[in-house]
Amino acid sequence: VRQQVFEIEFYRDTEPIEDDVIRKLADKVKNQNYGKAYVCASGGFTHAATAFAENRPIELIDKEKLENMLARAGI
C-alpha cells in the first residue's frame, strides 16, 4: 500500500480566508505531490475560496466543523 502525504494548515485569524491562500496551497499540493490538503480556519472562508477548492483535493474546515470533529474525538 502506497502511503499518501497530506498537508494540514491552521489559521486562527478572525477574517475569512481568501482564495489566494487556497490557490497557493493548491500549487504546493501539486508541486509536492501531496494526496490532499486540509485547511482549518476559525474565521471561515470567502465564497471565492470555497468555489476554488470545490474541484480540488483541498478540504476546507471551518470553525464549527473543527469543533464537531474535536468533540467526537473527546478533545
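The structure we're discussing is the one just above.
About the thresholds
- Residues numbered from 1 in each chain as written.
- Predicted model: local features only at pLDDT ≥ 70, side-chain atom pairs only at ≥ 80, totals over all residues.
- Heavy atoms only, no water.
- Pairing = 2+ DSSP bridges.
- Helix = DSSP H or I, 4+ residues; strand = E, 2+ residues; numbered from the N terminus.
- Axes fitted to C-alpha atoms, helices over the stretch in contact; angles between N-to-C directions.
- Contact = heavy atoms within 4.5 Å.
- Phe/Tyr/Trp six-rings, centres within 6.5 Å; stacked < 30°, edge-to-face > 60°.
- Core = buried A, V, L, I, M, F, W, Y, C linked by side-chain atoms within 4.5 Å.
- Buried < 20%, exposed > 50% of the residue type's maximum accessible area, 1.4 Å probe, protein only.

K.L.:
What is the right way to look at the sheet that holds strand β2 (residues 36-41) in this model?
P.N.:
Two orientations exist for strands paired in a sheet by backbone hydrogen bonds: parallel and antiparallel. Taken together, three strands build an open sheet; the order of strands is β1-β2-β3 and the sheet is parallel. Each edge of the sheet is formed by a strand with only one pairing partner; in this case those strands are β1 (6-11) and β3 (58-62). Neighbour-to-neighbour, the strand axes of the sheet open up by a mean angle of 15 degrees, direction not taken into account. Its contacts with the sheet put helix α1 (residues 19-32) on β1, β2 and β3, and the angle it makes with β1 is roughly 160 degrees. Across the sheet, helix α3 (residues 63-73) touches β2 and β3, and the angle it forms with β3 is around 85 degrees.

K.L.:
Just to check I follow, could you spell out the packing of aromatic side chains for this structure?
P.N.:
Each aromatic ring pair is specified by the distance between its two centres and by the angle formed by the two planes. Applying the stated criterion across every chain, the model contains one aromatic pair. A centroid spacing of 5.8 Å and a plane angle of 90 degrees characterise the contact between F6 and Y38, whose relative ring orientation is edge-to-face. One end of the pair, F6, is in strand β1; the other, Y38, is in strand β2, and 32 residues separate them in sequence.

K.L.:
I tried to follow the nonpolar core on my own but got confused; where do I start?
P.N.:
Formed by 15 residues in total, the largest nonpolar core has its most connected members in I22, L25, V39, F45, I58 and L60. Those elements giving two or more residues to this core turn out to be α1, β2, α2 (47-53) and β3. Broken down by element, this core gets its largest block of residues, four residues, from α1. Once residues within four sequence positions are removed from consideration, L60 is found in contact with I22, V39, F45, A49, T50, A53 and K65.

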